[in-house]
Amino acid sequence: MKVDVASVGSYERHLHFSIPAKDVKVELDRAFRTLGKQVRMRGFRPGKTPRRLLEQRYGPQVRSDVANNLIQSSYTSALADHSIEPVGQPRLEKSGDLGGSSDFEFTIAVDVRPEVELTSYTGLDVVYPRVEVSDAELEAAVAERLAGQARLVEITDRAIAAGDTVLTELVATDGDDEVAREPGTMIRTDGDSYYAGIEDTLIGMSVGDETTADVTFGADAKAAGVAGRTLSTTVKIHSVQATQIPELDDDLAGEMGFEGGAEGMRGAIQLQLQERRNELARNQARANALEALIEANAFEVPSGMVDQSLQMLTEELKLQTAYRSGRDPRTITFSDAQMADLRGRAVFAAKAGLILESVAAKESVEVVDADLDRKYNELALQRGQTVEAVRGYFMKEGAVDELRDRLLEEKTLDWLLENSNLVEPAEDAQDAPKTGLAALAEELIEDQVKARLANQAKASQDADTDTTAAAEPAKPAKKAKAKAKAKAAPAKAAKKAKAAPAEPAVDLSKLKVAELKALAAERNLTGYSKLKKAELIELLSK
């Protein structure tokens with residue numbers, strides 16, 4: 001077999017194959033011998049069917065199969081012999097006839113990772129956001145912590161208000177037909193799930209009051225028989241409870257685990273906010289650095305790389321949407337405008353990845369075992385697990401290389417920041433609209449942070465049942481799948497692989513308490529920490 005490799009542009013390669021006629025004849029003869037042992041034709045014993053009859057009936061199919069096999073094996077061999085790392089699907093540009101009397105020639109076009117020559121990647125101006133925590137942010141964070149200490153207290157000195165929880169005696173009728181009778185049921189006046197629609201009737205009443213009114217219950221009211229109906233409803237108020245948020249003092253701060261009283265608590269929370277803001281600012285600066293690099297070094301990326309990146313982005317977005325909404329990811333689609341936005345992100349991600357690889361290679365940035373150990377320790381502290389459990393999980397899942405790649409990107413980004421000219425944003429920068437590329441850069445980095453936090457939360461859930469599970473599970477299959485697909489035979493010469501089934505919709509009833517709480521945290525809900533499973537499901541179903 002003869003293979004000629006020609007470069008077309010910066011990233012396209014044309015592989016021209018020429019397989020000698022004698023080798024083609026050997027493959028055809030083998031295929032027809034195998035076929036002759038398998039088929040049965042009237043008048044001939046098994047394995048004795050003449051070749052000419054087999055060619056008359058099965059010739060086109062046999063030649064097609066042999067051509068596909070030759071193309072596949074030749075292409076795979078050429079990739080290894082010529083050290084070609086394809087991206088995207090190869091394309092069968094042209095193919096001659098396979099008859100056995102002449103050489104079989106064909107050409108495959110394949111995209112490879114372009115060699116990026118960076119003309120400028122140090123000393124660039126990179127905007128580093130200001131890191132400030134305002135008094136209003138601090139007080140809001142303190143208030144949020146205090147809200148977690150809220151308690152229900154009995155109310156006797158005022159009328160019922162929105163947000164109260166009321167113990168009522170309730171009877172709902174439709175003419176002479178009694179639809180519901182509750183000798184004692186708790187109803188929330190800020191939106192009750194079982195008797196939705198009765199809240200306005202209760203507000204303004206007091207303990208001991210009784211009233212009868214026509215109530216139109218909500219269509220989603222869970223109480224049997226009342227949903228969507230207007231019923232004559234008699235309610236009597238037995239007790240009223242309100243959520244009371246305690247005032248911050250030194251004793252409460254100590255109970256909440258803070259040293260130094262109320263001021264110590266404020267100082268600790270301010271430090272946490274500052275650290276979080278520092279991380280966000282650094283991530284934004286990284287995004288700004290990537291934007292500056294892409295603008296300073298113009299180059300094109302293969303469509304195959306963009307398509308791979310786009311596919312991974314859409315799959316991740318579908319799964320995130322399904323996780324939040326409970327929808328089947330197979331039913332989630334995107335509009336043309338959304339797909340255009342996602343393709344823009346995919347182009348940015350592909351370019352950013354190539355730039356980071358080039359910088360890491362030029363500046364000998366590498367990840368050593370000590371970096372992995374530090375990451376294992378960090379994850380172990382975050383999840384309250386042993387370092388051995390975290391390390392064991394990554395090794396068991398074959399995710400060490402994926403983690404190493406992620407750490408290399410982070411180290412390269414940090415190197416770029418250290419070798420950039422960091423500048424403060426303009427005074428009116430917060431009001432100025434971001435360019436499309438800047439917005440994509442910011443969102444890409446933000447998505448990576450969210451994905452890391454989501455992975456850590458998922459690992460924490462798994463740890464409830466498997467003490468060897470570790471935080472932040474990586475997904476090494478993605479790169480492996482992308483490479484395998486790139487090395488597959490061209491579409492015209494190979495069978496199409498079946499797509500992997502999408503994940504099913506989330507069934508809240510099948511989740512553990514820890515998983516339900518993690519979902520509540522992701523949705524920014526409050527007051528869930530002490531709820532039981534049924535209460536968590538009710539909270540998440542609203």
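As the structure is a prediction and not an experimental result, all values here were calculated from the model.

A. Region of interest: the environment of Gly-47. In this fold, Gly-47 is placed in the loop between α1 (21-38) and α2 (51-81). Judged by relative accessible area, Gly-47 falls into the partly exposed class, the value being 42%. For the pair formed by Gly-47 and Lys-37, sequence separation is 10 residues and the distance between their alpha carbons is 4.4 Å. Setting aside residues no more than four positions away along its own chain, Gly-47 makes contact with Gly-36 and Lys-37.

B. Spatial organisation of the pairing of strand β2 (residues 12-19). Counted residue by residue, β2 has six buried out of eight residues, so it is predominantly covered. Remark: three residues form the turn of the hairpin made by strand β1 (residues 2-8) and β2, two consecutive strands paired antiparallel; Gly-9 in that turn has positive phi of roughly 75°. Alignment of β2 against strand β4 (residues 104-112), held across eight bridges, turns out to be antiparallel. Its bridge partner being in β4, Ser-18 is matched across the sheet by Glu-105.

C. View of a negative patch on the surface. On the surface, a cluster of negative charge is contributed by Glu-247, Asp-249, Asp-250, Asp-251 and Glu-255. You can see Glu-247 is positioned in the loop between β10 (230-244) and α5 (250-255).

D. Local environment of the packing of helix α9 (residues 369-383) against helix α10 (residues 387-396). For the pair α9 and α10, interaxial distance at closest approach is 8 Å and the crossing angle is 115°. α9 and α10 meet at a crossing whose hand is right-handed. For the pair formed by α9 and α10, the contact residues are Asp-373, Tyr-376, Asn-377, Leu-379 and Ala-380 on the first element and Val-387, Val-390, Arg-391 and Phe-394 on the second. Partitioning the contact of α9 with α10 into residue classes produces six nonpolar, one polar and two charged.

E. Quick look at the packing of α1 against α2. With their axes 9 Å apart at the nearest point, α1 and α2 run at an angle of 125° to one another. Taken together, the axes of α1 and α2 are oblique relative to one another. Of the two elements, α1 crosses α2, and the hand of that crossing is right-handed. Contact residues: Val-24, Glu-27, Leu-28, Asp-29, Ala-31, Phe-32, Leu-35 and Gly-36 in α1; Arg-51, Leu-54, Glu-55, Tyr-58, Gly-59, Val-62, Arg-63, Val-66 and Leu-70 in α2. Taken together, the residues of the contact of α1 with α2 break down into 10 nonpolar, two polar and five charged.

F. Spatial organisation of α1. Between its first and last C-alpha, α1 extends 26 Å over 18 residues, near the 26 Å set by a 1.5 Å rise per residue. For α1, every residue scored as buried is listed here: Ala-21, Val-24, Leu-28, Asp-29, Phe-32, Leu-35 and Gly-36. The arc that holds the buried residues of α1, viewed along the axis, is 135°, so those residues lie on one side. Summarising the geometry of α1, the exposed residues directed more than 90 degrees from the buried face are Lys-22, Arg-33, Lys-37 and Gln-38. For α1, the elements touching its buried residues are β2, α2 and β4.

G. Representation of the sheet that holds β2 within the structure. Taken in spatial order, the four strands make up an open sheet running β1-β2-β4-β3, and their pairing is antiparallel. Among the strands making up the open sheet, the edge pair consists of β1 and β3 (86-95). When the angles between neighbouring strand axes are averaged without regard to direction, this sheet yields 20°. Relative to β2, β1 runs antiparallel, the two being bridged by seven bridges. In the sheet register, Ala-6 faces β2, and the bridge partner there is His-14.

Procedures and definitions
Residues numbered from 1 in each chain as written. Predicted model: local features only at pLDDT ≥ 70, side-chain atom pairs only at ≥ 80, totals over all residues. Heavy atoms only, no water. Helix = DSSP H or I, 4+ residues; strand = E, 2+ residues; numbered from the N terminus. Buried < 20%, exposed > 50% of the residue type's maximum accessible area, 1.4 Å probe, protein only. Contact = heavy atoms within 4.5 Å. Pairing = 2+ DSSP bridges. Patch = residues over 30% accessible without salt bridge, like charges linked within 9 Å, V, L, I, M, F, W, Y side chains within 5 Å. Areas by Shrake-Rupley, 256 points an atom, 1.4 Å probe, with all protein chains shown as cover. Salt bridge = Lys/Arg side-chain N within 4 Å of Asp/Glu carboxyl O. Lys, Arg positive; Asp, Glu negative; His and termini not counted. Charge placed at Lys NZ, Arg CZ, Asp CG, Glu CD. Axes fitted to C-alpha atoms, helices over the stretch in contact; angles between N-to-C directions. Left-handed = near helix turned anticlockwise from the far one by under 90°. Nonpolar A, V, L, I, M, F, W, Y, C, P; charged D, E, K, R; others polar. Parallel < 35°, antiparallel > 145°, perpendicular 65-115°, else oblique. Expected span 1.5 Å × (residues − 1). Arc of directions from axis to C-beta.

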